[in-house]
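Residue-level listing of the chains:
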Amino acid sequence: MTQTVLLVGATGMLGGRIASHLANDDGARLRLLVRDTTSKKLGKLRDQNVEFVEGDLSDRGSLDRATTGVDVIISAVQGGPDVIVEGQVALAEAGKRNGVRRILPSDFGLDVFKATPGEHTAFNMRAQADGRIAALGLESIHILQGAFLDLFGPGSPMIDYDKGIATFWGDGKMPIEATSVEDTARVTARVALDRTVPAGKFAFYGDRLSFNEAADVAEKVVGKSFERRSLGMETDLRAAMAVADFGTRIMLAYSLYMSNGQTSLDDVQNDRYPDLRLQSFEAFLTTQLG
Ligand SMILES: NC(=O)c1ccc[n+]([C@@H]2O[C@H](COP(=O)([O-])OP(=O)(O)OC[C@H]3O[C@@H](n4cnc5c(N)ncnc54)[C@H](OP(=O)(O)O)[C@@H]3O)[C@@H](O)[C@H]2O)c1
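Residues numbered from 1 in each chain as written. Predicted model: local features only at pLDDT ≥ 70, side-chain atom pairs only at ≥ 80, totals over all residues. Heavy atoms only, no water.

S.K.: What's the story with the packing of helix H4 (residues 121-135) against helix H8 (residues 246-260) in this structure? I'm lost.
M.R.: Helix-helix packing is described using two parameters, namely the angle between the two axes and the distance between the axes. Taken N-terminus to C-terminus, the directions of H4 and H8 make an angle of 80°; their axes are 8 Å apart at the nearest point. When the interaxial angle is binned, H4 and H8 end up roughly perpendicular. Each of Thr121, Ala122 and Phe123 in H4 lies in contact with H8, whose residues at this interface are Phe246, Ile250, Tyr254 and Tyr257. Of the residues in the contact of H4 with H8, the class split is six nonpolar, one polar and no charged. (Axes fitted to C-alpha atoms, helices over the stretch in contact; angles between N-to-C directions. Helix = DSSP H or I, 4+ residues; strand = E, 2+ residues; numbered from the N terminus. Parallel < 35°, antiparallel > 145°, perpendicular 65-115°, else oblique. Contact = heavy atoms within 4.5 Å. Nonpolar A, V, L, I, M, F, W, Y, C, P; charged D, E, K, R; others polar.)

S.K.: Looking at this structure, how should I read the site of the ligand?
M.R.: In the vicinity of the ligand, 23 residues are found, and the nearest of them are Thr11, Arg35, Ser106, Arg126 and Phe148. A distance of 3.3 Å is found between an oxygen atom of the ligand and a backbone nitrogen or oxygen belonging to Gly9. Between the ligand and Gln78 there is a distance of 3.3 Å, counted from an oxygen atom to a side-chain nitrogen or oxygen. For the ligand, whose unbound accessible area comes to 930 Å², protein coverage reaches 81%. Elements that contribute at least two residues to the shell around the ligand include exactly helix H1 (13-23) and strand E7 (147-148). Residues of the shell around the ligand, tallied by class, amount to 10 nonpolar, eight polar and five charged. (Near = heavy atom within 4 Å. Polar contact = N/O pair within 3.5 Å; in protein donor to acceptor, adjacent residues only side chain to side chain. Areas by Shrake-Rupley, 256 points an atom, 1.4 Å probe, with all protein chains shown as cover.)

S.K.: Is there a simple way to explain the layout of surface pockets in this structure?
M.R.: If you roll a probe as big as a water molecule over the atoms, it shows you where there is empty space left. Here the largest pocket defines a volume of roughly 1000 Å³. Along its surface, the largest pocket is lined by 42 residues, and Gln78, Phe148, Leu151, Met251 and Tyr254 are the ones closest to its centre. Breaking the lining of the largest pocket down by element, the ones donating at least two residues are H1, H4, E7, strand E9 (165-168) and H8. Broken down by element, the lining of the largest pocket gets its largest block of residues, seven residues, from H8. (1 Å grid on protein atoms, 1.4 Å probe; cavity = no way out; pocket = protein on both sides within 12 Å on 5 of 7 lines; lining within 4 Å. Points joined across faces, edges and corners; volume = space filled by probe spheres on them.)

S.K.: Just to check I follow, could you spell out the nonpolar core for this structure?
M.R.: Note that soluble globular proteins tend to have their nonpolar side chains buried in a common cluster. Among the nonpolar cores identified, the biggest contains 34 residues, and Leu7, Ile18, Leu22, Leu32 and Phe202 are the most heavily contacted of them. Sorting the residues of this core by element identifies strand E1 (3-8), H1, strand E2 (28-34), strand E4 (72-75), strand E6 (139-144) and helix H5 (181-193) as the ones contributing at least two each. Top contributing element to this core by residue count: H5, with seven residues. With near-sequence residues (within four places) excluded, Leu22 lies in contact with Val5, Ala28, Leu30, Ile74, Ala189 and Leu193. Grouped together as the second largest cluster of nonpolar side chains are 32 residues, Tyr161, Phe211, Leu237 and Leu256 included. (Core = buried A, V, L, I, M, F, W, Y, C linked by side-chain atoms within 4.5 Å. Buried < 20%, exposed > 50% of the residue type's maximum accessible area, 1.4 Å probe, protein only.)

Put into structure tokens, the structure is as follows:
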């Protein structure tokens, strides 16, 4: 049975890819809530069989228009508390008013629910929004795929491919789950339409490797040696967070949980869709540099 999916965030990096997969899936009728229907970021989506609703998470009327007749909502928005907390809760409330069955909020990270309150603003906001959405009684599915592999590819702030330096906090031995943006989008589109997926966390990853192992892979793919450079241990990182400005503190919080493993993924469902083969870091890097 075809399901009507409302996606918010189609002009974004991840949302655009989720939209492309759903636009080409016979099981979905796709509706997009966008702030600007003429945005060039919509690319080919404007020529596909996709319905557009112009609106904003802060505009309740547009949320009612967008959620009427919808089975599943996917949110791939990014922003501060006005968007991630208040905006997404308003979206879910509209969904509830209009009979939506399921929502996939914009989680898309390591396990945001394991973050210590007050320590990781981005994860804490998502957990707060998700708690309020769950209280509405909608079926919520939390897509948790770890870090984006793309952050470790060419142009990465952590792996300098020109200079041959991998930079990290800690001893470089903590494994981190990571998935490419493209694979995250493919799995998200599949899960959204799969009625047999129960409410709760849906965790998966394309690869699970430490910074040392990532440097090994970079050496193999690039064909030169990479220096491993630690910026300090956890106490040094926490000391840096204590004096950092707001934006830097958020970035350091990601490093904290990548280096101590606090938000690593459990109950991983990598085998659920055997036809969706997820890229390893080596395969991803080979494609990027090839
Ligand atoms: N795990 C990782 O390593 C990782 C890395 C990056 C991102 N992520 C996560 O992936 C998700 C998507 O991130 P992204 O980088 O793809 O985001 P992005 O490229 O910044 O796109 C954000 C989207 O949200 C839309 N949006 C923002 N405020 C809105 C509002 N008030 N009403 C309607 N739409 C609004 C934007 O629309 P406009 O075009 O109109 O602004 C845009 O389509 C986020 O949850 C983010 O945290 C995870």
